Amino acid sequence: GGTLFKCYPGPFSNVRCTRFSRLFQRFFVTLQRTMGRLMCIDYGRKRCGVAVTDELRIVATGLATVPAGELLAFIKNYVSANRVDAIIVGKPTTMGGEPSESMAYIVPFVRSLERALPDMPVRFYDERFTSALAHRAMIDGGLRQKARRDKALVDRMAATIILNDYLQSQYKDL
C-alpha cells in the first residue's frame, strides 16, 4: 500500500486510489478521449449488418441492420455524430481463401464509401463462417426458431462476430 487519495470524478470516482491507481485512472480517461470506435459492415445485396465497438475497443455490439441502398447515408450520419477511426468490411472468401463472387458487389460499395469518406480508413477482414456462427450463437443463446429466422438479427450478429474477430487479431500479440 501507499498513501491513499480520493480519486477525482470519473469512471472510478467511487473508489479510493493509490498513486499508481490514480496514474492509471488518468491514463484511462485520456485514452477514452483519444480513441474512436471501429465500425464493421457485413454487406449483403439486400441488408447489411452493422456493428461498432465501444470507445476503448474492448467489445463489439450490433448496432443496426440497414437496407443496402441506405447504408452509405447511414454510415455518414453515424460517423458525423460519433468518433469512428476505421470501418471494417467483411470479406467473403471461399474455403480455398479466394475472394467469393460476392466481392463483385462489395467492392463498388467500398469504393463509394471511400469517395464519401476520404479520410476514413476502410479495411477488409475475413468473414468466413460468420453467418453459421451467428446461427449457432442464437441456438446456444436459447432463441426460439421464429427469432432465429430473423435475417436482420443474423446480419447484425455476423457483423458483431467479424468485428470481435478483428479486435482479437489486433490484440493477440499483447
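Just above sits the structure.
The structure contained in this document is the topic of the report that follows. (Residues numbered from 1 in each chain as written. Predicted model: local features only at pLDDT ≥ 70, side-chain atom pairs only at ≥ 80, totals over all residues. Heavy atoms only, no water.)

### Quick look at helix 2 (residues 71-81)
And step 1. Every buried residue belonging to helix 2 is among Leu71, Ile75, Tyr78 and Val79, and all of these are buried. Looking down the long axis of helix 2, one finds its buried residues gathered within 95° of arc, a one-sided arrangement. Exposed residues on helix 2 whose side chains face more than 90 degrees from its buried face are Asn77, Ser80 and Ala81. (Buried < 20%, exposed > 50% of the residue type's maximum accessible area, 1.4 Å probe, protein only. Helix = DSSP H or I, 4+ residues; strand = E, 2+ residues; numbered from the N terminus. Arc of directions from axis to C-beta.)

### Description of the pattern of salt bridges
Where charged atoms from two side chains of opposite charge approach closely, those side chains can pair.
And step 1. In total, this model carries three salt bridges according to the counting rule given.
And step 2. Salt-bridge contacts for Asp85 lead to Arg57; the nearest nitrogen and oxygen are separated by 2.4 Å. In this pair, Asp85 sits in strand 6 (residues 84-91) while Arg57 sits in the loop between strand 4 (47-53) and strand 5 (60-67), placing the two residues 28 residues apart along the sequence.
And step 3. According to the relative accessible area criterion, Asp85 is partly exposed, its value standing at 23%.
And step 4. A salt bridge links Asp85 to Arg83, with the nearest nitrogen and oxygen atoms 3.4 Å apart.
And step 5. The network of salt bridges with shared partners includes Arg57, Arg83 and Asp85. (Salt bridge = Lys/Arg side-chain N within 4 Å of Asp/Glu carboxyl O.)

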